[in-house]
Amino acid sequence: MPEVAHAADRRDAAWWIDRAVQILVLAGGLSAIVFIAGIFVFITREGAGFVFDRFDFREFFGSPRWTPTSSHNPTYGALALIAGTASVTGLAMLVSVPFSLGAAIYIGEFATGRVRETLKVLVELLAAIPSVVWGFIGLSIMNPLIIQVFDVPVGLNVLNAGIILGLMAAPIMTTIAEDALKAVPDTYREAAEAMGATRWQVTFKVVLPAARNGLVAATLLGVGRGFGETMAVLMASGHSINLPTSPFDSVRALTATIAAELGETAAGSDHYAALFTLGIFLFLVTFAINFAADVFVRGGQRKHRRRGRRPAASANP
Amino acid sequence: MIVPVQAHEASDYAIEVEDLAIRYHGKLALSRVTLQVPSQEIFGIIGPANSGKTSFLRAINRMDLMTAGMEVSGRVRVEGRDVRNWRNPYALRQRIGVVFPLPVGLPLSIYDNVALSARLRGTRKRADLDVIVERCLRRAALWDEVKDRLDSLGSLLSGGQQQRLTIARALSQDPSILLLDEFSIAVDPVTTMRIEEVLAELKSEMTIVLVTNLVQQARRLASRTAFFLTGELVEVTETEAMFEGGAQDPRTTAYVEGKFG
């Protein structure tokens with residue numbers, strides 16, 4: 001007698017589809033990890049020869065002399081490149097944080113109706129401008145402008161690259177920051193306004209503190225963007241090896257160095273491996289920034305909860 | 001220049017409403033409301049959902065200024081003065097405390113929630129703020145439960161505690177008028193009774209407008225009660241009379257007896 005499956009044991013199409021989708025989604029999630037791990041393994045392997053044979057910690061981090069093509073005495077001091085990237089990114093943040101926070105607050109808290117929608121679309125359009133176009137603006141507009149305004153011989157320098165990079169990072173930071181503001185429930189705004197708070201007081205006392213974690217994330221994303229940006233920095237920074245002492249010094253960035261030199265090296269040579277070592281360094285720094293962002297956001301939440309259990313006497317000095 | 005309030009405008013009424021109509025995007029939500037709320041009493045407003053009770057409250061503290069599409073016509077006077085003639089609507093709102101149906105603990109510490117209003121008005125001294133915070137939390141019957149954790153987030157309190165925090169925050173404005181919009185919707189019965197006791201005490205100091213979906217709550221607290229139905233004011237009557245069959249309109253009697261709504 002053929003066995004008739006009990007309803008509780010019968011697996012129908014919906015069950016199989018559910019199972020298949022679960023596996024597909026799992027594969028999607030795992031692939032992100034696989035790709036990241038693969039990239040890390042690749043750049044580590046390519047840079048390994050340099051790291052283990054030739055790497056000199058004091059030279060790499062302490063010397064500004066980057067002369068990998070010298071025939072008799074090649075040196076691999078990355079200090080100037082690190083300083084170049086850091087100075088450009090730092091200046092870029094000074095430019096982009098006020099701009100993007102201001103824009104996000106205006107779009108999210110003050111603008112209404114059509115103005116708001118138009119601005120949002122425009123900001124998103126700005127974020128889509130390719131970096132080479134920004135580099136071009138740095139070369140052909142900012143360069144003569146800086147020479148004229150500040151009366152300096154070269155306009156391709158930290159100032160130029162910092163401003164270009166800041167403007168470039170601002171739209172994406174604005175979008176993320178505005179999302180963070182939008183995530184603050186309207187009931188908070190209404191409650192504060194009903195108390196007689198002005199729009200600015202509502203924003204400053206209630207909305208910004210509530211959105212703090214998201215705003216920090218937006219800023220760190222901008223830092224990451226600045227750190228990793230290559231083409232615009234290559235074009236606007238002057239690309240000359242320098243420890244910058246003023247915003248008018250030309251510098252060279254880590255990323256720009258890799259982009260400019262990798263095509264001219266023999267695969268497997270010390271120079272080639274040294275460039276990959278720069279890549280490892282970039283990777284680690286980016287990882288550290290993201291990790292810091294994560295720790296900060298989580299730490300902020302935990303602090304609030306912990307403070308909750310502490311008696312008021314010690315918390316209110 | 002400050003325009004002095006003319007003598008004939010001053011009155012014993014905290015709120016006077018004349019021929020009020022409220023539209024949202026042109027659609028009528030409330031019309032032909034004329035009533036007076038005497039100072040220092042609890043004024044109840046009852047009525048089923050969508051009868052315009054909340055819109056009425058929003059017109060009093062000029063929430064129409066920040067609500068897209070909300071239009072108010074007619075006249076609303078607070079303390080004898082047309083609310084549209086308050087050149088600083090923020091000052092008007094500071095005089096009026098509002099408690100919303102769902103508790104809104106701002107994402108600040110309990111202390112900062114209650115100190116916010118004073119800070120907005122420029123009080124900086126910690127000692128002064130300490131006094132305000134403790135007094136308001138005590139009056140809202142919350143102090144004993146939170147005095148040891150004033151630094152924890154207000155939004156992490158339970159629903160009933162958050163609603164009392166909201167009331168403490170409203171009291172910290174030192175308001176002359178307190179508007180309560182179905183405050184007990186998310187609050188357990190025991191807490192509701194405690195808040196009702198608080199309101200009965202506050203009556204001697206401020207005018208309270210109590211919008212409620214519980215007709216018995218209006219009966220317990222309000223001296224006079226208005227009945228709103230589908231965007232119109234049906235009547236305003238002494239509360240006891242309304243519940244003892246003395247309502248002027250048969251619909252009111254039917255509503256308070258639980259026959260509809």
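Everything below is about the structure printed above this text.
Caption draft 1: Local environment of the overall build of chain A. When you go through chain A residue by residue, the secondary structure sums to 13 helices and 2 strands. The globule rule puts the C-alpha radius of gyration for 317 residues at 20 Å, and the 26 Å found for chain A is more than 25% above it. Burial statistics for chain A: of 317 residues in total, 35% are counted as buried. Long-range pairs, those at least 24 residues apart, make up 71% of the contacts in chain A between residues at least 6 apart in sequence.

Caption draft 2: Spotlight on the packing of helix H3 (residues 110-120) of chain B against helix H6 (residues 159-172) of chain B. Residue and element names in this part refer to chain B. Remark: H3 packs on H6, axes separated minimally by 7 Å, with the N-to-C direction vectors making an angle of 25 degrees. As far as their axial angle goes, H6 and H3 are roughly parallel. In terms of crossing hand, the pair formed by H3 and H6 is right-handed. The residues of H6 that touch H3, namely those facing Ile110, Asn113, Val114, Leu116, Ser117 and Ala118, are Leu165, Ala168, Arg169 and Ser172. Looking at the contact of H3 with H6, its residues break down into 6 nonpolar, 3 polar and 1 charged.

Caption draft 3: Representation of the pairing of strand E7 (residues 177-181) of chain B in the model. Residue and element names in this part refer to chain B. Taken across its 5 residues, E7 has 5 buried, putting it largely inside the fold. Across 4 bridges, the pairing between strand E6 (residues 96-99) and E7 is parallel. Note that in E7 the partner of Ile96 across the bridge is Ile177. Here 5 bridges tie E7 to strand E8 (residues 207-211), and the two strands are oriented parallel to one another.

Caption draft 4: The interface of chain B and chain A, seen in detail. Contacts between chain B and chain A engage 26 residues on the former and 24 residues on the latter. Those elements that place two or more of their residues in the side of chain B that touches chain A are helix H2 (89-95) and H3 of chain B. If one sorts the elements of the side of chain B that touches chain A by residue count, H2 of chain B sits on top with 4 residues. The class makeup of the residues in the side of chain B that touches chain A is 16 nonpolar, 5 polar and 5 charged.

Caption draft 5: Layout of unusual backbone geometry. One non-glycine residue, His239 of chain A, lies in positive phi territory at about 50 degrees. Looking at the element boundaries, His239 of chain A is found in the loop between helix H10 (231-236) and helix H11 (254-261). On the basis of neighbour count, His239 of chain A is assigned to the partly exposed category, with 19 C-beta atoms found within 10 Å. Even without being a glycine, Ala141 of chain B presents a positive backbone phi close to 60 degrees. Summarising the element assignment, Ala141 of chain B is placed in the loop between helix H4 (126-139) and helix H5 (143-146). Owing to 17 C-beta atoms within 10 Å, Ala141 of chain B belongs among the partly exposed residues under this scheme.

Procedures and definitions
Residues numbered from 1 in each chain as written. Chains lettered and ligands numbered in written order. Predicted model: local features only at pLDDT ≥ 70, side-chain atom pairs only at ≥ 80, totals over all residues. Helix = DSSP H or I, 4+ residues; strand = E, 2+ residues; numbered from the N terminus. Rg over C-alpha atoms; globule rule 2.2 N^0.38 Å. Buried ≥ 20, exposed ≤ 12 C-beta atoms within 10 Å, placed from the backbone. Contact = placed C-beta atoms within 7 Å. Axes fitted to C-alpha atoms, helices over the stretch in contact; angles between N-to-C directions. Parallel < 35°, antiparallel > 145°, perpendicular 65-115°, else oblique. Left-handed = near helix turned anticlockwise from the far one by under 90°. Nonpolar A, V, L, I, M, F, W, Y, C, P; charged D, E, K, R; others polar. Pairing = 2+ DSSP bridges.

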